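Coordinate analysis (summary)
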Amino acid sequence: MQGRGIGSGIFADVRAALKGMGYNRISLGAVKENEQAVAFWKAQGFEATGEEAKSGKHTVVTYSKQI
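Computed from a predicted structure; not experimentally measured.

Here we look at the pattern of salt bridges
Counted by the stated rule, this structure contains one salt bridge. Put simply, Lys 32 and Glu 52 hold a salt bridge, and the shortest N to O gap is 3.3 Å. One end of the pair, Lys 32, is in the loop between strand S1 (25–31) and helix H2 (35–43); the other, Glu 52, is in strand S2 (residues 47–55), and 20 residues separate them in sequence. Of the residues examined, Lys 32 reaches a relative accessible area of 44% and is grouped as partly exposed.

As structure tokens, then:
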């Protein structure tokens with residue numbers, strides 16, 4: 001189902017709901033090695049904050065976006 005805009009649509013709804021509740025920033029963590037996930041979140045306007053943490057054998061990068 002990738003590439004059909006479903007994830008982007010869901011995220012748009014979540015973003016709108018959070019903004020409606022008064023939030024102005026969203027942060028999340030994505031596994032650095034998961035190139036598809038990183039590409040998706042970057043396409044949604046997220047930028048890496050420079051924060052990284054090890055989780056087992058993976059590195060989790062923190063991304064953030066103003067809403």
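Regarding the environment of Ala 48
Mapped onto the secondary structure, Ala 48 falls in strand S2. The spacing of Ala 48 and Lys 65 is 17 residues in sequence and 9.1 Å in space, taken between C-alpha atoms. Leave out the neighbours within four places in its chain, and Ala 48 touches Val 61, Thr 62 and Tyr 63.

A closer look at the nonpolar core
Taken as a class, soluble globular proteins show a tendency for nonpolar side chains to be buried jointly. By size, the foremost hydrophobic cluster in this structure holds nine residues: Phe 11, Ile 26, Leu 28, Ala 30, Val 38, Phe 46, Val 61, Tyr 63 and Ile 67. Counting residues per element, the ones that place at least two in this core are S1 and strand S3 (58–66). Looking at which element gives the most residues to this core, the answer is S1, with three residues. Contact partners of Tyr 63, with chain neighbours within four places excluded, come to Ile 26, Ser 27, Leu 28, Ala 30, Val 38, Lys 42, Phe 46, Glu 47, Ala 48 and Thr 49.

Points about the sheet that holds S2
Taken in spatial order, the three strands of this open sheet run S1-S3-S2, and their pairing is antiparallel. Sheet topology places S1 and S2 at the edges, where each strand pairs with a single neighbour. The average angle at which neighbouring strand axes cross in this sheet is 25°, direction not considered. Bridge count between S1 and S3: seven bridges; the pairing is antiparallel. Directly across from Arg 25, in S3, lies its bridge partner Gln 66.

A few points about the packing of aromatic side chains
A complete count under the given rule lists four aromatic pairs for this structure. Ring plane angle 85° and centroid distance 5.5 Å describe the contact between Phe 11 and Trp 41, whose orientation is recorded as edge-to-face. Residue Phe 11 is located in helix H1 (residues 6–20), and its partner Trp 41 is located in helix H2; the two are separated by 30 residues in the primary sequence. According to the relative accessible area criterion, Trp 41 is partly exposed, its value standing at 21%.

About the cut-offs
- Residues numbered from 1 in each chain as written.
- Predicted model: local features only at pLDDT ≥ 70, side-chain atom pairs only at ≥ 80, totals over all residues.
- Heavy atoms only, no water.
- Salt bridge = Lys/Arg side-chain N within 4 Å of Asp/Glu carboxyl O.
- Helix = DSSP H or I, 4+ residues; strand = E, 2+ residues; numbered from the N terminus.
- Buried < 20%, exposed > 50% of the residue type's maximum accessible area, 1.4 Å probe, protein only.
- Contact = heavy atoms within 4.5 Å.
- Core = buried A, V, L, I, M, F, W, Y, C linked by side-chain atoms within 4.5 Å.
- Pairing = 2+ DSSP bridges.
- Axes fitted to C-alpha atoms, helices over the stretch in contact; angles between N-to-C directions.
- Phe/Tyr/Trp six-rings, centres within 6.5 Å; stacked < 30°, edge-to-face > 60°.

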